[in-house]
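# Structural overview for review
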Amino acid sequence: MSPVDLGGRTALVTGGARRIGRAICLALAGKGVRVAIHTRSSEAEARDLAERCSGSIVLRADLADPAERARLVPQAAERLGRLDFLVNNASVYERTPLEELDEPSWERSIAVNLTAPFFLARDAGLRMRAAGSGAIVNVTDWATERPYADRLPYFAAKAGLEAATRGLARALAPEVRVNAVAPGPILLPEGAGDDLAAAMTSATPLGRLGGPEAVAEAVLFLLGHDFVTGETLRVDGGRWLK
Ligand SMILES: NC(=O)c1ccc[n+]([C@@H]2O[C@H](COP(=O)([O-])OP(=O)(O)OC[C@H]3O[C@@H](n4cnc5c(N)ncnc54)[C@H](OP(=O)(O)O)[C@@H]3O)[C@@H](O)[C@H]2O)c1
């Protein structure tokens, strides 16, 4: 491996204000990357985080809105001066039992979890290719091969994003690398109780939740490794083995 020096580079991180996205922004900033922290509704958290990430900026967009989504990559490139990396982390994780599933909730999940990251990767990837280099990481999910029955739109979108990762890796090579990180039990959904924590840890061979820094480390690895493309790296404590 020839490690890519991340220092002095720039990155756009979607859903960067909180939870896993926040850890990714902090890890990148720790390596000297200037980050465009994207948020939809957590602007106060994003601004606090920006104060801790030297040279970073905050951008707001609803990724379900095609016009707002289309402005995001050009804004990031213009405000940061260039765009070397994209991390597609934002996501909507709704419970959608088959009996209750309607088209608007299917469309919302596909829009935020597949259409937006695909077009952000397309827009960023073409710019990176024209500039001669770049790297993209899509955050997916360990369970795309064993989707939870009550969240099918989410998993269909994430499986599509893994297929798009491989296709974009071919389409944008050799200048731009495109990979995915597939987290397992990292952080409980907000509002989840102790019983879910117990169920998740007992279903995970490593017997614990990973914490957001585990995903951030994997993102740094994939952005910094110059001979890996089209790969999906599980960060799941072995969850998929059980
Ligand atoms: N947590 C886990 O253990 C776990 C497990 C497997 C996979 N993952 C994946 O890892 C990534 C991060 O997980 P997480 O739990 O930290 O995510 P999360 O808290 O569920 O969501 C991350 C951010 O997505 C943004 N978002 C949602 N809808 C949006 C929209 N319409 N437009 C723009 N932004 C929108 C929100 O930003 P604002 O707050 O700014 O509105 C939110 O803070 C996701 O891709 C998720 O699928 C997580």
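See the structure printed just above.
The structure contained in this document is the topic of the report that follows. (Residues numbered from 1 in each chain as written. Predicted model: local features only at pLDDT ≥ 70, side-chain atom pairs only at ≥ 80, totals over all residues. Heavy atoms only, no water.)

Following both chains from N to C, one finds helix α3 (residues 66-80) and helix α4 (residues 103-131) inclined at 35°, their axes separated by 9 Å at the closest point. In the packing of α3 onto α4, the handedness of the crossing is right-handed. Contacts between α3 and α4 involve Arg 69, Ala 70, Leu 72, Val 73, Pro 74 and Ala 77 from the former and Thr 115, Ala 116, Phe 119, Leu 120, Asp 123, Ala 124 and Arg 127 from the latter. Grouping the amino acids of the contact of α3 with α4 by side-chain chemistry returns nine nonpolar, one polar and three charged. (Axes fitted to C-alpha atoms, helices over the stretch in contact; angles between N-to-C directions. Helix = DSSP H or I, 4+ residues; strand = E, 2+ residues; numbered from the N terminus. Left-handed = near helix turned anticlockwise from the far one by under 90°. Contact = heavy atoms within 4.5 Å. Nonpolar A, V, L, I, M, F, W, Y, C, P; charged D, E, K, R; others polar.)

Let us now look at the site of the ligand. With respect to spatial proximity, 26 residues lie near the ligand, and among them Thr 39, Ser 41, Ser 42, Leu 63 and Tyr 154 are the closest. The separation between an oxygen atom of the ligand and a polar main-chain atom of Gly 184 is 3.4 Å. In isolation the ligand has 890 Å² of accessible area, and contact with the protein removes 90% of it. Of the pockets mapped on this structure, the ligand occupies the largest pocket. When residues of the shell around the ligand are traced back to their parent elements, those giving at least two are α1 (19-30), β2 (34-39) and α5 (152-172). Residues belonging to the shell around the ligand are distributed by class as follows: eleven nonpolar, nine polar and six charged. (Near = heavy atom within 4 Å. Polar contact = N/O pair within 3.5 Å; in protein donor to acceptor, adjacent residues only side chain to side chain. Areas by Shrake-Rupley, 256 points an atom, 1.4 Å probe, with all protein chains shown as cover. 1 Å grid on protein atoms, 1.4 Å probe; cavity = no way out; pocket = protein on both sides within 12 Å on 5 of 7 lines; lining within 4 Å. Sits in = over half its atoms within 2 Å of the grid points.)

Another point: the pattern of salt bridges. Within the structure shown, the criterion is met by seven salt bridges. For Asp 84, the salt bridge goes to Arg 82, with nearest N and O atoms at 2.6 Å. The exposure class assigned to Asp 84 is buried, which follows from its relative accessible area of 3%. (Salt bridge = Lys/Arg side-chain N within 4 Å of Asp/Glu carboxyl O. Buried < 20%, exposed > 50% of the residue type's maximum accessible area, 1.4 Å probe, protein only.)

The α-helix advances 3.6 residues per turn, and as a result positions three or four apart in sequence lie on the same side. Here α3 spans 22 Å end to end across 15 residues, near enough to the 21 Å set by a 1.5 Å rise per residue. Approximately 30° is the largest bend angle found in α3, and it occurs at Leu 72, with the proline Pro 74 only one to four residues beyond. Of the positions making up α3, those classed as buried are Glu 68, Arg 69, Leu 72, Val 73, Ala 76, Ala 77 and Leu 80. If you follow the buried residues of α3, they end up packed against β1 (10-13), β2, β3 (57-60) and α4. Two or three places before Ala 67, at the start of α3, stands the capping residue Asp 65, its side-chain oxygen 2.9 Å from that residue's backbone nitrogen. Two residues or fewer after α3 comes Gly 81, characterised by a positive phi angle close to 95°. (Expected span 1.5 Å × (residues − 1). Bend = angle between axes of the 7 residues up to and from the residue.)

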